[in-house]
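A look at the structure
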Amino acid sequence: MLEFLEQISRYAISVIGILVLIFCIISLLRHKGNKTEKAFLTSTSSGERTSLKEFETAIGRSKACDIVLDHGTVSRFHAVISLRKKSWYVTDTFSKTGTYINMKKIKRKAPIKDGDVISFGTAAYKFETPFVSEVSEKDKNVKPTKKSDVKQPEPVYVSALINDSKDMAYCLDMADCIIGRDDEQCDIVLKVPTVSKVHARLYHNTRGWIIEDKGSTAGTKVNGELITGKTKISDNDEINLGGVKLKFCLRFKRVK
């Protein structure tokens with residue numbers, strides 16, 4: 001009798017082991033299939049689009065990160081983008097150059113929404129998410145009857161350089177950018193012979209927006225005066241780069 005029970009127990013353990021293995025395989029495949037694209041990061045400089053498929057995505061220069069940004073101003077482990085319930089957040093993981101949302105530096109953790117521009121150092125990306133809706137389950141059954149009942153999206157404001165002669169705006173999506181004629185070295189490219197290959201640097205710090213000439217041939221002027229060092233600029237200031245006049249706009253309404 002004892003020998004019979006031992007044989008049954010051996011078969012039972014084998015069957016249980018096989019069932020556990022099958023369950024693990026099914027769970028693994030099911031979990032893999034659920035990795036849908038929850039959000040996207042689109043580079044403002046190259047237009048390259050990267051999808052976010054996890055609830056937590058590590059971003060940095062290290063190859064151990066989920067998204068690797070080979071950029072000098074990006075720390076090895078720079079930030080984490082996470083989805084919590086119905087809200088997205090970005091957390092700065094003690095990076096050296098900081099993490100910014102629409103040009104504003106975050107202290108540690110901050111919410112992000114569709115259309116926000118996130119800058120990891122000077123690497124700027126537009127955040128897009130069709131996956132999460134801010135509408136509650138209760139409100140889904142309520143159909144608005146007036147246009148005033150429909151919640152309009154909040155406008156996104158960024159600083160910008162305006163070229164009135166060409167009716168063109170250069171949105172400053174990054175906290176530090178180079179202006180000049182060279183496509184590879186510059187973030188804002190001005191294809192004008194009097195503009196040097198690397199003409200000026202425009203960056204944002206605790207004082208505000210600062211511009212400095214990078215040894216250009218024609219020089220850089222602010223409101224008609226030739227600058228010789230780091231110069232703070234204010235709203236509506238005119239910047240002259242080799243004859244190209246750009247008006248600085250502190251709050252420019254971005255068109256989505």
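Our structure's up above, just so we're on the same page.
What comes next concerns the included structure. (Residues numbered from 1 in each chain as written. Predicted model: local features only at pLDDT ≥ 70, side-chain atom pairs only at ≥ 80, totals over all residues. Heavy atoms only, no water.)

1. Concerning the sheet that holds strand E14 (residues 176–180)
By definition, the strands of a sheet pair up through backbone hydrogen bonds, in either a parallel or an antiparallel sense. Here five strands make up an open sheet; going across it, the order is E15-E14-E16-E17-E20 and the pairing mixed. Edge positions in the open sheet fall to strand E15 (188–189) and strand E20 (231–233), since each of these has one partner strand only. (Pairing = 2+ DSSP bridges. Helix = DSSP H or I, 4+ residues; strand = E, 2+ residues; numbered from the N terminus.)

2. Description of the sheet that holds strand E5 (residues 79–84)
The five strands are arranged E4-E3-E5-E6-E9 in an open sheet whose pairing can be described as mixed. Of all strands in the sheet, those with a lone pairing partner are strand E4 (67–68) and strand E9 (109–112), marking the two edges. Of the pairings in the sheet, the one linking strand E3 (residues 56–60) to E5 comprises four bridges and is antiparallel in character. Opposite Thr-57, over in E5, you have Ile-81 as the bridge partner.

3. A look at the environment of Ile-227
One can find Ile-227 in the loop between strand E19 (225–226) and E20. Separated by 15 residues in sequence, Ile-227 and Glu-212 have C-alpha atoms that sit 7.5 Å apart. In contact with Ile-227, not counting residues within four places along its chain, are Ile-211, Glu-212, Asp-213, Thr-220 and Val-222. (Contact = heavy atoms within 4.5 Å.)

4. Quick look at the packing of aromatic side chains
All chains considered together, the criterion is met by three aromatic pairs. Seen from their ring centres, Phe-120 and Tyr-125 are 6.2 Å apart, and the 50° between their planes marks the pair as tilted. The residues Phe-120 and Tyr-125 share a single accessibility class, namely buried. Above the face of the Phe-40 ring, Arg-49 is positioned so that its terminal group lies 3.8 Å from the ring centre. For the cation-ring pair, Lys-109 lies above Tyr-89, with the distance from its terminal atom to the ring centre recorded as 4.8 Å. (Phe/Tyr/Trp six-rings, centres within 6.5 Å; stacked < 30°, edge-to-face > 60°. Buried < 20%, exposed > 50% of the residue type's maximum accessible area, 1.4 Å probe, protein only. Lys NZ or Arg CZ within 6 Å of the ring centre and 35° of its normal.)

These results come straight from atomic positions and should not be treated as a statement about function.
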